[in-house]
Amino acid sequence: MKIAMVASEANPLIKTGGLGDVVYSLSKELAKLGEDVAIFLPFYESIKRKGTFINEARYVGEVSVNLSWRNEVASIYRLDIDGIKYFLFDNQRYFGRDRLYGDFDDGERFAFFTIAVIFAFNALNFIPNVVHIHDWQPGMLPCVAREWNLDYLRNTKYILTIHNPAFQGMMPRSCLGDFYSLPDYLYDDGVVRFKDQLSTLKSAIVYSDKITTVSPNHRRELLTPEGSMGLNTILSLREFDFMGILNGIDVDEFNPETDKRIPKNFSKDSFIEQKKINKDKFLTNHGLVDHDKALFSMVSRLTWQKGMDIIYPTLVKILSLGHNVFILGSGEYHYEQMLEDLRRRFPNNMAIFIGYNDDLAHEVYAASDLFLMPSLFEPCGIGQMIAQRYGTLPVVRLTGGLYDTVIPYDGSNDSYANGFGFYNNDANDFANLMDHVLGVYYNKDLFNHLVKNALSLDNSWEKSAREYLDLYRSII
Ligand code: GLC
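Residues numbered from 1 in each chain as written. Predicted model: local features only at pLDDT ≥ 70, side-chain atom pairs only at ≥ 80, totals over all residues. Heavy atoms only, no water.

Structural notes on empty space enclosed by the protein
The tally for this structure, following the rule as stated, stands at one cavity of 30 Å³ or more. Estimates place the volume of the largest cavity at around 50 Å³. Going through the elements one at a time, helix 15 (383–389) and helix 18 (444–455) are the ones with two or more residues in the lining of the largest cavity. With three residues, the single largest contributor to the lining of the largest cavity is helix 15. Grouping the amino acids of the lining of the largest cavity by side-chain chemistry returns five nonpolar, two polar and one charged. (1 Å grid on protein atoms, 1.4 Å probe; cavity = no way out; pocket = protein on both sides within 12 Å on 5 of 7 lines; lining within 4 Å. Points joined across faces, edges and corners; volume = space filled by probe spheres on them. Helix = DSSP H or I, 4+ residues; strand = E, 2+ residues; numbered from the N terminus. Nonpolar A, V, L, I, M, F, W, Y, C, P; charged D, E, K, R; others polar.)

Written out as structure tokens, the structure is:
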């Protein structure tokens, strides 16, 4: 089966969040299962700058794209990584900059990309059986392909995966004609209109054959007014074509038994001594003094979505009790400042790294006792699964995929619990949970038992990739 993944990020070339992990890991797994998989991606300046792989990229053709009066060319480069074909779309005007998102012309940039990809299917003679689009950026693809009535795509089917419902690809009505050469009546009749704007995400929901999101629980949330940012009104019309498929993690990259980026490898039979070695080394490296106390960590974008608004009382409580906190991430300036202030107040207990650092992330997962994830919403979440794989117990708000992946210890389920959880988006609930968490931390046998449960989990991609494959097969 020919599968085209169309997305705005994909590892190992470019990633700003979980989307980049998923597009790559799922494609790799599908290729392993024998499918012909290609990833279509903008050729951002930041990919070129990074250099790795880029010398091997070869020019394979070009397509010209007219967005009304704008005539632009996309030069297409191909790279092969892990059995996946990557097609990179180069255009100086739209992608010759560092940032992926956040510019005034994002709508136009991804419209250009979307249409270039549609033309490229023909130009490259890669006619997909299934086009799998991710999030809002290529959201108009099924709509354009269907409304333009392109003969070479007459047998092609479309899947949309929603990774983040907060980004809905909203733009003025005029963009429909201006970027996509589509008639106004699609807007006026309400087909692509959402909250009185054009929404590429809504259009994708309407025109795709099947829709998925990244956990079964988030699927349920997306069908309710509270959890869906308004999308429930549209998704409920497609309820029977809408599934939740849980993401996996890359168990080769994240393997405590072989990971070269951590000081001491360990398994579920040797973690008690070995994880302690990782912790001691980490605490020493970062100037944290009390090795008998717990190490709580976060690896996260520092944004409202990740629960940064309710985290302060919990951090103060942990630190005041003499425990250690390490936070790796970057994001909104005021959250970074809040953490910096705390670090100054508790210099012996808290360390932070503002930025993104893969090597350090591996060390954090291997060294920590507990991993904080109080997300406001979390369609799947990857950090909690990586933490479990390294025997670090997640402490999460039980929302979205966190609910599906973390079984909170409730005082009696020690034979299978693998973390801790709270329900309400409430700073006090989170802080109060720490009494329970620390109670367990000081009961070493119980704590180690829960760690062992976490280390025994299988969150590999294989199962999910098979579910996607079944879904593709059901429609072609
Ligand atoms: C988005 C979601 C996150 C999910 C990821 C990959 O970043 O916020 O919960 O894990 O996409 O699907």
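There is more to say after this.
Regarding the packing of aromatic side chains
One pass over the structure, following the stated rule, counts 24 aromatic pairs. A ring pair is formed by Phe40 and Phe121, whose centres lie 5.2 Å apart and whose planes are at 80 degrees; its orientation type is edge-to-face. Note that Phe40 is positioned in strand 2 (residues 36–42) and Phe121 in helix 4 (residues 106–123), a separation of 81 residues in sequence. Here Phe40 and Phe121 have matching classes, each one buried. Relative to Tyr442, the ring of Tyr441 has its centre 5.4 Å away and its plane inclined at 70 degrees; by these criteria the two rings are edge-to-face. Since its relative accessible area comes to 4%, Tyr441 is described here as buried. (Phe/Tyr/Trp six-rings, centres within 6.5 Å; stacked < 30°, edge-to-face > 60°. Buried < 20%, exposed > 50% of the residue type's maximum accessible area, 1.4 Å probe, protein only.)

A word on the pattern of salt bridges
Opposite charge on two side chains lets them pair, provided their charged atoms get close. All told, the structure shown has 36 salt bridges when counted by the stated rule. In this structure, the salt-bridge partner of Arg261 is Asp359, at a minimum N-O distance of 2.8 Å. Here Arg261 is found in the loop between strand 12 (242–244) and helix 11 (271–285), whereas its partner Asp359 is found in helix 14 (residues 358–367), with 98 residues between them in sequence. What makes Arg261 partly exposed here is its relative accessible area of 30%. A relative accessible area of 41% means that Asp359 is categorised as partly exposed. In this structure, Arg344 and Asp341 form a salt bridge, with 3.6 Å as the shortest nitrogen-oxygen distance. Of this pair, Arg344 and Asp341 both sit in helix 13 (residues 333–345), three residues apart, which is roughly one turn of the helix. According to the relative accessible area criterion, Asp341 is partly exposed, its value standing at 43%. Among the charged side chains, a network of salt bridges with common partners joins Arg70, Glu72, Arg93, Glu108 and Asp178. (Salt bridge = Lys/Arg side-chain N within 4 Å of Asp/Glu carboxyl O.)

Some remarks on the site of the ligand
Every residue near the ligand is listed here: Gly18, Leu19, Val22, His163, Val214, Asn247, Gln305, Glu378, Pro379, Cys380, Gly381 and Ile382. The separation between an oxygen atom of the ligand and a polar main-chain atom of Cys380 is 3.0 Å. The backbone of Gly381 places a nitrogen or oxygen atom 2.8 Å from an oxygen atom of the ligand. Protein burial of the ligand: of its 310 Å² of free accessible surface, 95% is covered by the chains. Classifying every residue of the shell around the ligand gives six nonpolar, five polar and one charged. Domain assignment of the residues forming the shell around the ligand places at least three in each of domain 1 (2–248 + 461–475) and domain 2 (272–455). (Near = heavy atom within 4 Å. Polar contact = N/O pair within 3.5 Å; in protein donor to acceptor, adjacent residues only side chain to side chain. Areas by Shrake-Rupley, 256 points an atom, 1.4 Å probe, with all protein chains shown as cover. Domains from an automatic or database assignment.)

Concerning the environment of Gly401
Of note, Gly401 is situated in helix 16 (residues 400–405). You can call Gly401 buried: its relative accessible area is 0%. C-alpha separation for the pair Gly401 and Asn217, spaced 184 residues apart in sequence, amounts to 6.1 Å. Not counting the four nearest positions on each side in its chain, Gly401 is found in contact with Ser215, Glu378, Pro379, Cys380 and Gln384. (Contact = heavy atoms within 4.5 Å.)

Points about the pairing of strand 15 (residues 350–354)
Where strand 14 (residues 324–331) lies against strand 15, five bridges are found, and the strand directions are parallel. Looking at the pairing, Leu328 lines up with Phe353 of strand 15. On the question of chirality, the crossover connecting strand 14 to the parallel strand 15 by way of helix 13 is right-handed. (Pairing = 2+ DSSP bridges. Right-handed = clockwise from strand over helix to strand, strands pointing away.)

Focus on the layout of surface pockets
Space inside the second largest pocket adds up to approximately 300 Å³. Considering the residues around the second largest pocket, the lining is formed by 16 residues, among which Ile272, Lys276, Asp369, Lys444 and Asn448 are closest to the centre. Elements that contribute at least two residues to the lining of the second largest pocket include exactly helix 11 and helix 18. Of all the elements, helix 11 adds the most residues to the lining of the second largest pocket, at five residues. Taken together, the residues that form the lining of the second largest pocket break down as six nonpolar, four polar and six charged.

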